[in-house]
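Overview (structure and organization)
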Amino acid sequence: MQNLNPNHLQKDDESEEPLTKPDPETPKQSYNHSAILQPFQWLQMLSTTLNPTFVLGVVLVYGLSQGLSGSFFKVVSDYYWKDIQKVQPSEVQLFIGLYYIPWVMKPIWGLLTDVFPVRGYRRRPYFVLAGVVGVVAALSVAAGGRLAVFVALTCLIGITAGVAIADVTIDACIARNSIEMRSLAADMQSLCGFCSSAGALVGYSISGFFVHHLGPQVSLGLLAIPPATLIVLGFVIYEPRTAEDVRVDKKNEFVGMIYAIGATASIVGVIIYHKALKDYPFRTLLFYAQLLYGISGMLDLIFILRWNLSLGIPDYFFVVLEECVSRIVSRIRWMPMMVLSSQLCPLGIEGTFFALLMCIDSLGGLSSKLGGGMVLHLLHVTRTDFKNLWLTVLIRNVLRFSTLMLIFLVPDGDPSEVLIPTNVLVKSSCKNVDEDESLLEMVPLNEKTEV
């Protein structure tokens, strides 16, 4: 029979109780343990999902190079100018402003990493470049003794240039990974911010110690260590080697960048003309400018026939080269024409005559577009058929050279000479005034009016 004794049931229940009671402190300890491990688990997740060498790159660039090195440099360089170079505070403020030059040039560094790969790599070579620049600059300051102020300033700017180039390069890697893995974009920025802040904390903390024991000049030499790690990073960071890694959107961006570079080259052309060519005779200058204009057109022919690849010159580099040469030559060719046109304007009708010259130039541009379209149509050059495009470019270049036969029509004087005799213009102007005055009949003063 079943034992219905309550005491027996109570004993059975007591026998089912655990032999040990749970420790009330165990959940709290487990929470603290997980809180300590959470950052490491987060880093492990990033390393596994992205790449360990990418995480290493963020730590080295943002933590060691930008955070620690940047804060260390800020303190030590002030002592260097004060104790070693003994310059005035106002000059130090000017020098500090010049430190930002490499950071202002960040678009240029970014352009180099995007457009000019080295042996198929877009990022790794620029980590190496940043490291080499930083190491050379830091060691030059440390081992150079009492350097001239200009040389010392150049070296310190070189240190900041190494940091800026590395910063742009790692940012490009971060942007690429953020596009491919959007869910981790915030995590990558958090990693960058944490490394930068932690590095700055360490850099500010140890800067005073090293300045006191080693001196500011030797302490600046220690800044060769962070860029040395960037050189190593350039060889170990993972980057797929590819010959063509530009998508359609990148190509569109590249086209806009080509025109931007061309605009910069146009400014260079203005400077060349103003500094070296503005006093040359019109006929001589325009002859050689037009000759260079025709020769520069041959670069298009080389590109169309793919001879640049036979010479080992990549397409993107050759296109940028052609755009720069074309813009510089066009500017040098255009500016003396404007000066000549302004000097040929007769007095009294300057606006009309100059507008007429510009109208002739516009008509020439319109006729060239219409003629070019007609030639393309006759040679059956279409959106998909470029077989005869080289012939079109060749015809264009021949026409450019043919205008040299008319160069004798350009005056041979230089900009300082008077091309149209002033007395002729003055006589013409005076004649017009006399004719206007003859139309007016004045009343003599000695003649009385009758009422």
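Residues numbered from 1 in each chain as written. Predicted model: local features only at pLDDT ≥ 70, side-chain atom pairs only at ≥ 80, totals over all residues. Heavy atoms only, no water.

Per an unreviewed UniProt entry, the chain is named Folate-biopterin transporter 6, and its organism is Rehmannia glutinosa. Looking at the Subcellular location (unreviewed entry) heading of the UniProt record, one finds this comment for the chain: "Membrane". (UniProt positions renumbered as here; feature names shortened; annotations may be inferred.)

1. Considering helix α17 (residues 389–402)
Its 14 residues place the ends of α17 20 Å apart at the C-alpha level, agreeing with the 20 Å of an ideal helix rising 1.5 Å per residue. Among the residues of α17, those classed as buried are T392, V393, N397 and R400. Mapping the buried residues of α17 onto a view down its axis gives an arc of 135°, with all of them on the same face. (Helix = DSSP H or I, 4+ residues; strand = E, 2+ residues; numbered from the N terminus. Expected span 1.5 Å × (residues − 1). Buried < 20%, exposed > 50% of the residue type's maximum accessible area, 1.4 Å probe, protein only. Arc of directions from axis to C-beta.)

2. Section: the pattern of salt bridges
Within the structure shown, the criterion is met by seven salt bridges. A salt bridge links R327 to E323; its shortest N-O distance comes to 3.0 Å. Of this pair, R327 and E323 both sit in helix α15 (residues 315–343), four residues apart, which is roughly one turn of the helix. On the basis of relative accessibility, which here comes to 13%, the residue E323 falls in the buried class. (Salt bridge = Lys/Arg side-chain N within 4 Å of Asp/Glu carboxyl O.)

3. Some remarks on the confidence of the model for the chain
Chain-level statistics for the chain give a pLDDT mean of 80 and a share of 81% at 70 or above. A low-confidence stretch, residues 1–22 stays under pLDDT 50, and its non-local contacts, those more than four residues away or across chains, total one contact. Low pLDDT (under 50) marks residues 433–437, which in the prediction has zero contacts with non-local residues, meaning those over four places away or in another chain. (pLDDT = per-residue confidence, 0-100. Contact = heavy atoms within 4.5 Å.)

4. Remarks on the environment of D78
By the secondary structure assignment, D78 is in helix α3 (residues 52–85). Contact partners of D78, with chain neighbours within four places excluded, come to V92 and I96.

5. Brief notes about unusual backbone geometry
Look at K86: it is not a glycine, yet its phi comes out positive at around 55°. Its location among the elements puts K86 in the loop between α3 and α4 (89–98). In the Ramachandran plot, R119 falls in the positive-phi region, its phi being about 55° despite a non-glycine side chain. By the secondary structure assignment, R119 is in the loop between α6 (106–115) and α7 (124–143). According to the relative accessible area criterion, R119 is exposed, its value standing at 68%.

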